[in-house]
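Read off the chains here:
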Amino acid sequence: MSLSQILTPSIQKAIQALFQVTVDKIEFQTTRKEFEGDITMVIFPLLKVIKSNPVELGNKIGNYLVENLPEVARFNVVSGFLNIVIADTYYVNFFNGIKDEKKYGFVEPNPSDKAIIVEYSSPNTNKPLHLGHVRNNLLGYSVAEIIKASGKKVYKTQIINDRGIHICKSMLAWEKFGNGETPQSTGLKGDKLVGNYYVKFEKEFQKEYSDWQKTIEYSKEFLKDKNTSLIEKLMGEDGEMPVFFDDGGIIDEDFFTEEGDHKIFRSNFKDKYFNTYSALGKEVKEMLQKWEAGDNYVVALWAKMNQWVYDGFAITYKNLGVNFDSYYYESNTYLLGKDVVQIGLDKGIFEKDPDGSVWIDLTDEGLDRKIVLRSDGTAVYMTQDIGTAIQRVKDHPDVGGMVYTVGNEQDYHFKVLFLILQKLGFDWASSLYHLSYGMVDLPSGKMKSREGTVVDADDLMQEMTDTAQEISEGLGKLDSFSEDEKAKLYNTIGLGALKYYILKVDPKKRILFNPEESVDFAGNTGPFIQYTYARIQSIIRKADFDFSVTLTGIEELHEKEKELVKQIELFPEVIQNAAHNHSPALIANYTYDLVKEYNSFYQSVHILGEEDLTKKIFRVQFSQKVGEIIKSSFSLLGIEVPERM
């Protein structure tokens, strides 16, 4: 039971006894550092129902608490705030009550409660996972673990984008240029091999497109496609054609957008070329049509190359430390939802246009009209997502809500999706949440999959491990470690640094990722917290006495002991808040605050060097509990902690 829960009924009794007034809610806040106190009651709201001076009111309530509640030692009143000092015995009793709870702060799920589905990762099968996927996976996995720790049953899932034109690009490139290469023959992970052919397709297409740009047909298309007055302006008085770039842009001082060091007027020539003139474009579209028609050869090629990718993904997921309870595949779900469209039409939720397309009008909700079925009867992504959500609840009847871990560029899509599902009458639709997160940037700029300039997830993890090794060897404290122990430690530190650096930031914020900065043994970093955990384990190993006993009779704590227990007491509430807000950052930063408080305690008091055995036992127990909480909180972030560093 928290302090506020203990104090509230006594304060309500005080107000009733002193002023014959009943209040339902008492407002608390953390005591400001310049005042003495452990918790502060805000008096101002009471002035609405009690005619009194706030200082006088605070003093009367404070005196009542001191006389009637043994947990309250003393108090002081500053303006409209009652600062309450809690007796040391309260903290001793609290600590004794939780010191043997191995899963302190965690709540066991109630079997009657509804479960939550958390979706994350959701990759394409035409490329390996990259830095952006790393943030997605770390966020989704951590939020799932936090919700589980808060007392909910959780299913972790993903939907794999395994169909479409982008998948066929990799397939066609491998067929044309691969010479039968396989992951086994090349020694490459399957996802990397397939990703190489996605890049290969784009390079070959770019060469084809660049050659076409030199033809007269390109100039004719430009003139036909563009506004005449703009063309005349761009051509100038001398009648020269404008300068063309590979991306189909043209330079102009008045009509441009900025991209890198260039000012470019954007055109859609490349897309138009792909759909109208390109030989590669024609071939890849024909391959997609054959796949949709169930052509045996194309489907077999698709299955083979996708399996290469799945095998590669499995290695990355294992190394990253994330897992899933179920998988959904777009090739199985892209037709889902079409039957729901008719239900929506019957209910008047959807409306059919003269061309046969089906829409939903959300303008009254501040959104726009959204198509859910094309005029030719084919589904759009929204239709598929509607059907997939419904299917997931059919597969898991105990589900009462879902969390979608998807980047913030899809904010609008999920607003529409959730609103449609609510209008369709699904009770669980009110418990859908978009875990929207910002992109991950690098000092070198944005990543581009088609150009092969992404930061590969496997390479990133290896780089983090290598950086951890370099820094650890520089500190020179691993002489007693075997080579296997060193390798495991480097991996634990490197991945811990990566995960903590990403998860300590509020999900909605964009991240500029700096690998070297993340592997630092000082400051708000994973390695700093891991080092504190290892230090605590060293203390426990050196404790050559029984410290398992429950101590009684302790009435006074050192100031640092009291502050440490206060920080420990917050952990269960932090888990609940992190689950409610879908924010691993709350767990990460709480752990950093706990570690800072412990290190201040460590520097201020003797632990193993304490002569008083009772104090020594108590301080080792403190240390052990802090270590357990560090380990528990880091487990919620998917981070391991080393026993030695």
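**Thoughts on the sheet that holds strand β12 (residues 369–373)**
1) Next: Pairing within the open sheet is antiparallel, and its three strands lie in the order β10-β11-β12. With one partner strand each, in any of the chains shown, β10 (351–352) and β12 form the two edges of the open sheet.
2) Next: Pairing analysis gives four bridges linking strand β11 (residues 358–361) to β12, with the strands arranged antiparallel. Within β12, the residue paired with Ile360 across the bridge is Lys370.
3) Next: Across the sheet, helix α14 (residues 338–346) touches β10, β11 and β12, and the angle it forms with β12 is around 125°.

**Re the sheet that holds strand β6 (residues 154–160)**
1) Next: Across the sheet, five strands lie side by side as β9-β6-β5-β13-β14; this open sheet has parallel pairing. Looking at which strands have only one partner, the edges of the open sheet turn out to be β9 (326–329) and β14 (432–437). Between one strand and the next, the sheet's axes are offset by a mean angle of 25°, whatever the strand orientation.
2) Next: The sheet contact formed by strand β13 (residues 399–407) and β14 spans six bridges and is parallel. In the sheet register, Met402 faces β14, and the bridge partner there is Leu432.
3) Next: Contacting β13 and β14, helix α16 (residues 411–423) crosses the sheet at an angle of about 180° to β14.

**Describing the nonpolar core**
1) Next: Counting residues in hydrophobic clusters, the biggest one holds 151 residues, and the most contacted among them are Ile15, Phe513 and Ile568.
2) Next: The next biggest cluster of nonpolar side chains, apart from the first, holds 34 residues, and it includes Ile360, Val399, Leu417 and Ala429.

**Focus: the packing of helix α20 (residues 526–542) against helix α24 (residues 613–636)**
1) Next: Closest axis-to-axis distance for the α20/α24 pair is 9 Å, and the angle between their directions is 145°. For the pair α20 and α24, the sense of crossing is left-handed. Side by side, α20 and α24 meet where Gly526, Ile529, Gln530, Thr532, Tyr533, Ile536, Gln537, Ile539 and Ile540 of the first sit next to Ser623, Gln624, Val626, Gly627, Ile630, Lys631 and Phe634 of the second.

**What about empty space enclosed by the protein?**
1) Next: Following the criterion strictly, the structure yields one cavity of 30 Å³ or more and no others.
2) Next: Empty space within the largest cavity amounts to approximately 40 Å³.
3) Next: Lining of the largest cavity is provided by Thr125, Ile167, Ser170, Met171, Val194, Trp302, Met305 and Asn306.
4) Next: Sorting the residues of the lining of the largest cavity by element identifies α5 (165–177) and α12 (296–320) as the ones contributing at least two each.
5) Next: For the lining of the largest cavity, the per-class residue count stands at five nonpolar, three polar and no charged.

**A look at the layout of surface pockets**
Rolled over the atoms, a probe with the dimensions of a water molecule shows which regions are left empty.
1) Next: Each pocket or cavity is described by its volume, and for the second largest pocket that value is around 1100 Å³.
2) Next: Along the walls of the second largest pocket sit 35 residues, with Thr30, Asp38, Ile39, Glu563 and Lys566 positioned nearest its centre.
3) Next: Those elements giving two or more residues to the lining of the second largest pocket turn out to be α1 (3–19), β1 (28–29), α3 (88–98), α21 (559–569) and α22 (571–581).
4) Next: The element contributing the most residues to the lining of the second largest pocket is α21, with seven residues.
5) Next: Per-class residue counts for the lining of the second largest pocket are 13 nonpolar, eight polar and 14 charged.

**Considering the packing of aromatic side chains**
1) Next: Per the counting criterion, the structure on display carries 32 aromatic pairs.
2) Next: Ring centres 5.5 Å apart and planes at 80° place the aromatic pair Phe205 and Phe274 in the edge-to-face group. With Phe205 in helix α7 (residues 190–213) and Phe274 in helix α10 (residues 269–276), this pair connects stretches of sequence that are 69 residues apart. One exposure class covers both Phe205 and Phe274, and it is buried.
3) Next: Between Phe528 and Tyr592 the ring centres are 6.0 Å apart and the planes differ by 65°, which places this aromatic pair in the edge-to-face class. Of this pair, Phe528 sits in helix α20 while Tyr592 is found in helix α23 (residues 584–604), placing the two residues 64 residues apart along the sequence.
4) Next: Ring pairs connect the aromatic residues Phe95, Tyr598, Phe601, Tyr602, Phe618 and Phe622, which therefore count as one cluster.
5) Next: Sitting over the ring of Tyr334, Arg163 keeps its end group 3.9 Å from the ring centre.

**Here's the deal with a negative patch on the surface**
1) Next: Side chains of Asp459, Glu463, Asp466, Glu470, Glu473 and Glu516 sit close together on the surface and give a patch of like negative charge.
2) Next: Sorting elements by how many residues they give to the negative patch places helix α17 (residues 457–475) first, with five residues.
3) Next: Topologically, Glu470 is positioned in helix α17.
4) Next: What makes Glu470 exposed here is its relative accessible area of 61%.

**Some points on α7**
1) Next: Counted at 1.5 Å a residue, the expected span for α7 with its 24 residues is 34 Å, and the 35 Å between its end C-alpha atoms agrees.
2) Next: By the criterion of burial, α7 is predominantly enclosed, with 17 of the 24 residues buried.

**A word on the pairing of β9**
Looking along a regular strand, one sees the side chains alternate between the two faces of the sheet.
1) Next: Burial along β9 is one-sided: the face carrying Ser326 and Tyr328 is buried and the face carrying Tyr327 and Tyr329 is not.
2) Next: In this structure, β6 lies alongside β9, joined through four bridges in parallel fashion. Each bridged residue has a counterpart across the sheet, and for Ile159 the counterpart in β9 is Tyr328.

**Quick word on the side chain of Glu204**
1) Next: Mapped onto the secondary structure, Glu204 falls in helix α7.
2) Next: There is a polar contact of 3.3 Å between the side chain of Glu204 and the side chain of Lys207.

**Quick notes on the pattern of salt bridges**
Charged atoms that come close allow side chains of opposite charge to pair.
1) Next: Within this structure, the stated rule accounts for 34 salt bridges.
2) Next: Taking the shortest distance from any N to any O, the salt bridge between Asp398 and Lys153 comes out at 3.5 Å. Here the residue Asp398 occupies a position in the loop between α15 (381–395) and β13, and Lys153 occupies one in the loop between α4 (131–149) and β6, the gap between them amounting to 245 residues.
3) Next: Judged by its relative accessible area of 25%, Asp398 is partly exposed.
4) Next: Since its relative accessible area comes to 41%, Lys153 is described here as partly exposed.
5) Next: In the salt-bridge network here, residues are joined through shared partners; they are Asp38, Asp88, Lys562, Glu563 and Lys566.

**Focus: the pairing of β11**
1) Next: Where burial is concerned, the two faces of β11 differ: the one with Val358 and Ile360 is buried and the one with Trp359 and Asp361 is not.
2) Next: With two bridges connecting them, β10 and β11 associate as antiparallel partners. Bridge pairing links Glu351 to Trp359 in β11.
3) Next: Taken together, β10 and the strand that follows it, β11, pair antiparallel across an intervening segment of five residues, in which Gly356 is found at a positive phi of about 95°.

**Description of the confidence of the model for the protein**
Should the pLDDT be low somewhere, the predicted coordinates at that spot are not to be read in detail.
1) Next: Within the protein, residue pLDDT values average 89, and 90% of them lie at 70 or more.
2) Next: Segment residues 445–452 is flagged for pLDDT under 50; beyond a separation of four residues in sequence, or across chains, it makes 21 contacts in the model.

**Notes on unusual backbone geometry**
1) Next: The phi dihedral of Ser79 falls on the positive side, at around 55°, and the residue is not glycine.
2) Next: Checked against the element boundaries, Ser79 lands in the loop between β3 (72–78) and β4 (81–86).
3) Next: Positive phi values are uncommon outside glycine, yet Ser122 reaches one of about 45°.

Basis of the calculations
- Residues numbered from 1 in each chain as written.
- Predicted model: local features only at pLDDT ≥ 70, side-chain atom pairs only at ≥ 80, totals over all residues.
- Heavy atoms only, no water.
- Pairing = 2+ DSSP bridges.
- Helix = DSSP H or I, 4+ residues; strand = E, 2+ residues; numbered from the N terminus.
- Contact = heavy atoms within 4.5 Å.
- Axes fitted to C-alpha atoms, helices over the stretch in contact; angles between N-to-C directions.
- Core = buried A, V, L, I, M, F, W, Y, C linked by side-chain atoms within 4.5 Å.
- Buried < 20%, exposed > 50% of the residue type's maximum accessible area, 1.4 Å probe, protein only.
- Left-handed = near helix turned anticlockwise from the far one by under 90°.
- 1 Å grid on protein atoms, 1.4 Å probe; cavity = no way out; pocket = protein on both sides within 12 Å on 5 of 7 lines; lining within 4 Å.
- Points joined across faces, edges and corners; volume = space filled by probe spheres on them.
- Nonpolar A, V, L, I, M, F, W, Y, C, P; charged D, E, K, R; others polar.
- Phe/Tyr/Trp six-rings, centres within 6.5 Å; stacked < 30°, edge-to-face > 60°.
- Lys NZ or Arg CZ within 6 Å of the ring centre and 35° of its normal.
- Patch = residues over 30% accessible without salt bridge, like charges linked within 9 Å, V, L, I, M, F, W, Y side chains within 5 Å.
- Areas by Shrake-Rupley, 256 points an atom, 1.4 Å probe, with all protein chains shown as cover.
- Salt bridge = Lys/Arg side-chain N within 4 Å of Asp/Glu carboxyl O.
- Lys, Arg positive; Asp, Glu negative; His and termini not counted.
- Charge placed at Lys NZ, Arg CZ, Asp CG, Glu CD.
- Expected span 1.5 Å × (residues − 1).
- Polar contact = N/O pair within 3.5 Å; in protein donor to acceptor, adjacent residues only side chain to side chain.
- pLDDT = per-residue confidence, 0-100.

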